[in-house]
Amino acid sequence: MGTQLEINRRTDAAAQAPSPKNGKGSERNRREALQGVTFMLPTLLLLFTFTLLPIFYSLFLSFTRVNLFGGIDFQWVGFTNYVNAWNDDRVWTALNNTFRYALFVVPIQTAVALLMAAVLNSGIRFQNTFRTIYFLPTLTSSSALTMIFMFLFSLNGPINNLLVNFGLLEAPVNFINETDFALATIMVMNIWSTVPFFMTIYLAGLQDIPRSLYEAASLDGANAWQKLMKITVPNLTPVTNYVILMGIIGCFQLFDQAYIISGGTGGPNNATLTFSLIIYQYAFQTIGTMGYASALAIILTLIIFTVSMLARRLNKEESNY
Amino acid sequence: MNKKRLSLSVLMLSSLIFAAACGGNDEAQVASDPSELEGKEITVGTWKGTDAEVKAFDELLAAFTEETGINVKKKVYNDYQTQLQTDLVGGTAPDVFYVDAFLAPELSKQGVLEPLDQYAEQADKDLSDFYEPAINAFKSDDQLFGLPKDYSTLGLYYNKRLIEEAGFTPDDIPTEMEQLPAFLADLKEQLPSGVVPAITTSELARHMFVLQSGGTDVVSDDRKAVLSQPDQLAALQPLVDAYQDKLVQRPADLGQGWAGDSFGAERAAIMIEGNWAISHIEQNFPDVEMGTKEVPTIGGNSGSMMFTVSYSLNSDSDEKAAGWEFINYATSQDGMKIWSEGAGVLPSLKSIAEELNLQDDELKAPFVAAGAYATPWQKGDALSIVAREYNNLLPAALTGDMTLEEAMKRAEEAANKDIETQLQ
């Protein structure tokens, strides 16, 4: 917000701009506009070349059967790729896996991140040390984490030993290679590694909540839980929206963990076949199916878009503003 | 006005750069006067390989440059299959690059590999010196799309100490697959806890010869996946049984990335793996005393897999003549000797294998012997889909979620559906 003087000046300039009579003013405006465009040009060019162009190109590819090698050779096939995707059992399996994954991971990671942020903001001792330690998993590369988790969850690994020693399991479970557990293992790993990142965002959001609200609540005799549910959570709704959105996008794009655990196949028995993995398979593992991969990528974009919008709407309705 | 012109020229300049980046390149000339090529530079695309391979490759390049005066730039791929494809599509692929036999049919069908028949003819190259299965892996439609730089086969490794401490001698290891499970069961009782009798990677690349041992190919002539014929299931069932009896395990079951590490860490007494594991174990696990044998016979017939990689010429290259010179030198007797001696790999030329006395090499002999009968890991352009589904569903059969027949039927169906809709 500017001062009244500035606002006046701006209105003056705006009023002058469209007037063709005032040649000097319009010339200046045009020059300023050009300057502005010149300054933005590098960004615009980058955005166009590396973001918009690929998006539209893959939209175009999704309607073709394409051979990108040598001389490029397109064959317009209309909606064939989309029809094939509809009839492809593997696509439905991948969709099912991905939805199950998101449905499980997003709520848990959001809730845990919020709780941890609230605790770390409450002024407990060694607050900063804890914040640093909790943030470490986010800094580690996800493929390295996957290798570590594969060791931890392996048949003779520490997790199995622990569970067997405490009598919780009779015999070690093959978490990574058994159809029922493979995806769950990835879920656990992903929650563990993404929670700190979202916790940091929540911590930043918590700084914006006025202390006076808590003080007033204390005077009225509210306990910690009531304060969390009635003050912290509603005030953090915009942050929660962001966290849920990023969580959903991250979940739908799950790739590296599934790729490493299954060696790129999506096994055992399609248990770790995610939507991004199937796109990768058609784009890079089978030659000549780039059109189909593009169609799947467009479908994934639409799905993420729809789900994110739905989630946003739901969250808004529940907000206590 | 000045500023306007400036910004306009910025715009024009950038669009010019953009247009230049997208421009195509001219058709290459095929010339063949060696002296003309001096001072030229070509790029050769490889993957990194072991330390010994890197060193031997540098020696090979130095010798080549000295011989021909052609300079070579290396381009090393970390993720070969993905990066090479991207490079080929983008028009930035090296002049000469490694081609895995597995990918050769798909790539040659795309027209990105230059047929080498005429080059070989002009250079009077002796193609009969190459091991048959190795060079045949790069032929499609009667055209040659690469010359094998070396090959690898599968063999059986055993840990001498573990076998002897269990009260056996290496000679007790059966030479027939049919007797192997019983031996592994005996072995298991004597091994310390935490050590599995045998370890193997479970994927089609290692099992194709087992599946085909009854005479049925995994990809039929009309390009259909064939994985669930009775003879194939019968050949594979012993492996599934042995896995469920914990006689054979996969590296992932032990929390390791590949069998060579499990064997090297002495977590398994026997392993079926390629000859590349020899140098890996010698380097990383020098205390392990290992021995090697040929893969046990199935139904009396010897079998193994052969993996081979070629040098192939980029059909889009501007320096085809110089590129061919490199391929020709690297697969000549001189070049092959530098490479296979230095890298410790099996040479694809019979004459060099003899010269290096590999048939008498204690560890490598079984792998050289397999060169005569091994099944190449190559089966047309549908194999990548068939392999994907096999690798996806075999674990379900191993862990007992499905019977082997169910799993293989499903893999076959999924693969066939995909081949039908996606491959023309």
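No experiment lies behind these values; they were computed from the predicted model shown. (Residues numbered from 1 in each chain as written. Chains lettered and ligands numbered in written order. Predicted model: local features only at pLDDT ≥ 70, side-chain atom pairs only at ≥ 80, totals over all residues. Heavy atoms only, no water.)

Here's the deal with the domain arrangement of chain B
Residue and element names in this part refer to chain B. Spelled out, the test is: As annotated, the domain borders come from an automatic or database domain assignment. Two residues qualify as a contact provided that any one of their heavy atoms is within 4.5 Å of a heavy atom in the partner residue. Buried area: the accessible area, evaluated with a 1.4 Å probe, that two parts lose upon being put together, summed over both parts. Salt bridge, as used here, is a side-chain nitrogen of Lys or Arg placed within 4 Å of a carboxyl oxygen of Asp or Glu. Residues adjacent in sequence count toward polar contacts only when both atoms are side-chain atoms; beyond that, a polar contact is any pair of N or O atoms within 3.5 Å, and within protein one must be able to donate a hydrogen and the other to accept it. For this classification, the nonpolar set comprises Ala, Val, Leu, Ile, Met, Phe, Trp, Tyr, Cys and Pro, the charged set comprises Asp, Glu, Lys and Arg, and every other residue, Gly included, is treated as polar.
As far as domains go, chain B holds domain 1 (34–151 + 307–376) and domain 2 (212–242 + 382–424). Taken together, the contacts link four residues of domain 1 with five residues of domain 2. Regarding the contact of domain 1 and domain 2, the summed buried area is about 320 Å², with carbon and sulfur atoms giving 55% of it. When the area that domain 1 buries against domain 2 is broken down by residue, the three leading residues are Phe102, Glu106 and Lys109, summing to 85%. Along the contact surface separating domain 1 from domain 2 lie zero salt bridges. Applying the counting criterion to the domain 1 and domain 2 interface returns zero residue pairs in polar contact (both at pLDDT 80 or more). Counted by class, the side of domain 1 that touches domain 2 contains one nonpolar, one polar and two charged residues.

Observations concerning the nonpolar core
The test is simple: As used in this record, nonpolar core signifies buried Ala, Val, Leu, Ile, Met, Phe, Trp, Tyr and Cys residues forming a set joined through side-chain atoms within 4.5 Å. Working definition: with a 1.4 Å probe on protein chains only, accessible area under 20% of the residue-type maximum means buried, over 50% means exposed, and in between means partly exposed. Strands here are runs of E lasting at least two residues and helices are runs of H or I lasting at least four, both read from the DSSP assignment and numbered beginning at the N terminus.
Formed by 116 residues in total, the largest nonpolar core has its most connected members in Leu107, Leu187, Ile270, Phe326 and Trp377 of chain B. No other element matches helix H17 (residues 383–398) of chain B, which puts ten residues into this core. When residues of this core are sorted by domain, at least three fall in each of domain 1 (34–151 + 307–376) and domain 2 (212–242 + 382–424) of chain B. The next biggest cluster of nonpolar side chains, apart from the first, holds 59 residues, and it includes Ala102, Leu114, Ile303 and Ile304 of chain A.

A word on the interface of chain A and chain B
Size of an interface, as often reported, equals the accessible area lost when the parts are brought together. Listed per partner, the contact involves 45 residues of chain A and 47 residues of chain B. Here chain A packs against chain B, burying approximately 3,800 Å² in sum over the two surfaces, 52% of which is carbon and sulfur. If you sort the residues of chain A by the area they bury against chain B, Phe69, Asn269 and Ile287 of chain A come out on top, with a joint share of 17%. Glu389 of chain B is the salt-bridge partner of Arg90 of chain A, the closest N and O atoms lying 3.1 Å from each other. At the boundary of chain A and chain B, one finds eleven residue pairs in polar contact (both at pLDDT 80 or more). Elements that contribute at least two residues to the side of chain A that touches chain B include exactly helix H2 (23–61), strand S1 (64–67), helix H3 (80–87), helix H4 (89–120), helix H6 (142–152) and helix H13 (275–285) of chain A.

A word on the pairing of strand S6 (residues 147–159) of chain B
Residues and elements named next belong to chain B. Worth spelling out the cut-off: We call two strands paired when DSSP finds no fewer than two bridges between them.
Taken across its 13 residues, S6 has 13 buried, putting it largely inside the fold. The pairing of S6 with strand S11 (residues 305–313) spans six bridges and is classified as antiparallel. Across the sheet, the residue bridging to Thr153 is Met306, located in S11. Bridge count between S6 and strand S9 (residues 268–274): five bridges; the pairing is antiparallel.

Quick notes on the pattern of salt bridges
Applying the stated rule across the entire model yields 18 salt bridges over all chains. Two residues, Glu319 of chain B and Lys40 of chain B, come together in a salt bridge whose shortest N-O distance is 3.5 Å. Of this pair, Glu319 of chain B sits in the loop between S11 and helix H13 (320–330) while Lys40 of chain B sits in the loop between helix H1 (2–22) and strand S1 (41–47), and the two are 279 residues apart along the sequence. Residue Asp150 of chain B pairs with Lys149 of chain B through a salt bridge whose shortest N-O separation is 3.0 Å. You can call Asp150 of chain B buried: its relative accessible area is 6%. Because the salt bridges share partners, they merge into one network encompassing Arg90 of chain A together with Arg388, Glu389 and Asp418 of chain B.

Quick word on the domain arrangement of chain A
Domain assignment breaks chain A into domain 1 (4–61) and domain 2 (81–318). Computed over C-alpha atoms only, the centres of domain 1 of chain A and domain 2 of chain A are separated by 40 Å.

Observations regarding unusual backbone geometry
The backbone of Phe126 of chain A sits at a positive phi, close to 55 degrees, despite the residue not being glycine. On the secondary structure map, Phe126 of chain A appears in the loop between H4 and helix H5 (127–139). Among the residues examined, Phe126 of chain A registers a relative accessible area of 59% and is labelled exposed. At Glu266 of chain B, a residue that is not glycine, the phi angle is positive and equals roughly 60 degrees. With respect to the secondary-structure elements, Glu266 of chain B resides in the loop between helix H11 (259–264) and S9. For Glu266 of chain B, a relative accessible area of 21% translates into the label partly exposed.

A word on the packing of aromatic side chains
Using the following cut-off: Only the six-membered ring of Trp is used, alongside the rings of Phe and Tyr, when aromatic pairs are assigned; centres must lie within 6.5 Å, and planes under 30 degrees apart are stacked while those over 60 apart are edge-to-face, with the rest tilted.
Summed over the entire model, instances satisfying the criterion amount to 35 aromatic pairs over all chains. Look at Phe99 of chain A and Phe252 of chain A: their rings are 5.3 Å apart centre to centre, the planes differ by 90 degrees, and that puts the pair in the edge-to-face class. Here Phe99 of chain A, found in helix H4, pairs with Phe252 of chain A, found in helix H11 (residues 237–252); they are 153 residues apart in sequence, far enough to count as distant. When the centroid spacing of 5.4 Å and the interplanar angle of 85 degrees are considered together, the rings of Tyr311 of chain B and Phe326 of chain B count as edge-to-face. With Tyr311 of chain B in strand S11 and Phe326 of chain B in helix H13, this pair connects stretches of sequence that are 15 residues apart. Phe326 of chain B sits in the buried class, given a relative accessible area of 0%. Grouped by ring-pair contacts, the aromatic residues Trp47, Phe57, Phe64, Tyr80, Tyr98, Tyr311, Phe326, Tyr329 and Trp339 of chain B constitute a single cluster.

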